[in-house]
Amino acid sequence: MKSDIYGREDDKQFVFNCLTYDTHNNLSILSIVGIGGVGETTLAQHVFNDPRMDKTKFDVKAWICVSDEFDVFMVSKAILEHVTTTTDESRDT
């Protein structure tokens, strides 16, 4: 597989393995964090768009990018609403 990103193949393979390894059946979130500009978003996008991800066990795949301060509940609610037909009405804040 040809890559247009250089020097991150080990990182990409590590993230791919974390997401697809069988012992992580309960994995719900994999965070890629670091100081701005070191390529976290690019790495996430590269893994997300990898053709091997289409052959995984995931029924739905989503890539969420948040920065600085954010409301975990609101982000989680937005994700739930976009990947399912369910709307969580349990908390309106």
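The shown structure was predicted, so the numbers you read here are calculated from the model rather than taken from an experiment.

### Section: the packing of helix α1 (residues 9-20) against helix α2 (residues 40-48)
Moving on, step 1. Two elements in contact, α1 and α2, have axes separated by 10 Å at closest approach and are oriented at 60°. Considering the angle they form, α1 stands oblique to α2. For α1 against α2, the interelement crossing comes out right-handed. Taken together, the residues of α2 that come into contact with α1 (itself represented by E9, D11, K12, V15, F16 and L19) are L43, H46 and V47.
Moving on, step 2. A per-class count over the contact of α1 with α2 returns five nonpolar, one polar and three charged.

### What about a nonpolar patch on the surface?
Moving on, step 1. On the surface, I64, V66, F70 and V72 cluster together to form a nonpolar patch covering roughly 340 Å² of accessible area.
Moving on, step 2. The exposed category is assigned to V72, whose relative accessible area is 55%.

### Examining the environment of A62
Moving on, step 1. Along the chain, A62 falls in the loop between α2 and α3 (72-83).
Moving on, step 2. On the basis of relative accessibility, which here comes to 44%, the residue A62 falls in the partly exposed class.
Moving on, step 3. Sequence-wise, A62 and I79 are 17 residues apart; in three dimensions their C-alpha atoms are separated by 8.1 Å.
Moving on, step 4. With residues up to four places along the chain from it excluded, the contact list for A62 reads F48 and V83.

### Regarding the nonpolar core
Moving on, step 1. If you look at the biggest cluster of nonpolar residues, it comprises six residues: V15, F16, L19, L43, V47 and M53.
Moving on, step 2. Taken together, the elements giving at least two residues each to this core come down to α1 and α2.
Moving on, step 3. With three residues, α1 is the largest single contributor of residues to this core.
Moving on, step 4. Discounting chain neighbours no more than four positions away, the residues touching F16 are V47, R52 and M53.

Basis of the calculations
Every chain is numbered on its own, with residues counted from 1 as its sequence reads. With the structure being a predicted model, the display of local features is reserved for residues of pLDDT at least 70 and the display and counting of side-chain atom pairs for 80 or more, all residues being used for whole-chain, interface and lining totals. Think of the side-chain values as coming from all heavy atoms in the structure, minus any hydrogens and water. Axes, fitted as lines to C-alpha atoms, cover a helix only where it is in contact. Angles between the N-to-C directions of the axes lie from 0 to 180 degrees. The secondary structure listing takes helices from DSSP runs of H or I that are at least 4 residues long and strands from runs of E that are at least 2 residues long, numbered from the N terminus. Angle categories are assigned with fixed cut-offs, so that under 35 degrees is roughly parallel, over 145 is roughly antiparallel, 65 to 115 is roughly perpendicular, and the rest are oblique. Left-handed describes a crossing in which the near helix is turned anticlockwise from the far one by less than a right angle; the clockwise case is right-handed. In this analysis, two residues are considered to be in contact whenever any of their non-hydrogen atoms come within 4.5 Å of each other. Think of it as three bins: nonpolar holds Ala, Val, Leu, Ile, Met, Phe, Trp, Tyr, Cys and Pro, charged holds Asp, Glu, Lys and Arg, and polar takes everything else, Gly as well. Exposure above 30% relative accessible area and the absence of a salt bridge qualify a residue for a patch, where like charges join within 9 Å and nonpolar side chains (Val, Leu, Ile, Met, Phe, Trp, Tyr) within 5 Å. Method for areas: the Shrake-Rupley scheme with a 1.4 Å probe, in which residue coverage is limited to the protein chains shown. Salt bridge, as used here: a side-chain nitrogen of Lys or Arg that lies within 4 Å of a carboxyl oxygen of Asp or Glu. Relative accessible area decides the class of each residue, using a 1.4 Å probe on protein chains only: under 20% of the type maximum gives buried, over 50% gives exposed, and in between gives partly exposed. Definition of nonpolar core: a set of buried residues of the types Ala, Val, Leu, Ile, Met, Phe, Trp, Tyr and Cys, connected through side-chain atoms within 4.5 Å.

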